[in-house]
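Structure at a glance
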Amino acid sequence: QVQLVESGGGLVQAGGSLRLSCAASGSIVSINSMGWYRQALGKQRELVAVKTGAGTTNYADSVKGRFTISRDSAKNTVYLQMNSLKPEDTAVYYCNADVFSYDNRRFLLYWGQGTPVTVSS
């Protein structure tokens, strides 16, 4: 089994910063992409940022220049540094990872349980 555990969410004032972490563990052979999505109340889940195994990054237009995704492959961990936060960034943030595991012997997409981020004005 593969588990993804997020941490780092919380309450912050507009203009502040937070750093989210997501650690993957379990019967992992390799991980391709790791990314962050978010879902605000009453809205669909949307991509925030993704980093592929080759190092390519992709950001939602709404977070470009404010958020930075990084990855520690040795620790199977992905981070999201969020600066200049706005009230519209308020959402539950989920990480995902495209994992090849010993159990399944193919790449499958796994999701974390989510961590809430609230930005007050």
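Summarised in this report is the structure supplied together with it. (Residues numbered from 1 in each chain as written. Predicted model: local features only at pLDDT ≥ 70, side-chain atom pairs only at ≥ 80, totals over all residues. Heavy atoms only, no water.)

Another point: the overall build of the chain. In terms of regular secondary structure, the chain is built from 0 helices and 11 strands. In terms of overall dimensions, the chain is globule-like: its C-alpha atoms have a radius of gyration of 14 Å, near the 14 Å expected for 121 residues. Taken over the C-alpha atoms alone, the chain extends approximately 45 × 25 × 25 Å along its principal axes. Counting all 121 residues of the chain, 42% fall into the buried class. Taking as baseline every contact in the chain between residues at least 6 positions apart, the subset at least 24 positions apart corresponds to 56%. Roughly 6300 Å² of accessible area belongs to the chain as shown, and the carbon and sulfur atoms make up 48% of that amount. Each charge class in the chain can be summarised by its mean position, and for the 12 positive and 8 negative side chains these summaries are 2 Å apart. (Helix = DSSP H or I, 4+ residues; strand = E, 2+ residues; numbered from the N terminus. Rg over C-alpha atoms; globule rule 2.2 N^0.38 Å. Buried < 20%, exposed > 50% of the residue type's maximum accessible area, 1.4 Å probe, protein only. Contact = heavy atoms within 4.5 Å. Areas by Shrake-Rupley, 256 points an atom, 1.4 Å probe, with all protein chains shown as cover. Lys, Arg positive; Asp, Glu negative; His and termini not counted. Charge placed at Lys NZ, Arg CZ, Asp CG, Glu CD.)

Moving on, we come to the side chain of S101. Relative to the assigned elements, S101 resides in strand β9 (residues 91–101). Side-chain polar atoms of S101 contact the backbone nitrogen of N104, separated by 3.1 Å. If we skip the residues at most four places from it in the chain, S101 touches V2, S27, I28, V29, R106 and Y110. (Polar contact = N/O pair within 3.5 Å; in protein donor to acceptor, adjacent residues only side chain to side chain.)

This brings us to the state of the cysteines. On inspection of all chains with the given rule, the structure shows 1 disulfide. The disulfide that involves C22 links it to C95, with 1.9 Å between the sulfurs. Across the disulfide from C22 to C95, rotation about the S-S bond amounts to roughly 45 degrees, and the bridge is consequently right-handed. Taken together, the residues span a long stretch of sequence, with C22 in strand β3 (residues 18–26) and C95 in strand β9 at a distance of 73 residues. Here the two residues C22 and C95 agree in accessibility, since each one is buried. (Disulfide = S-S within 2.5 Å.)

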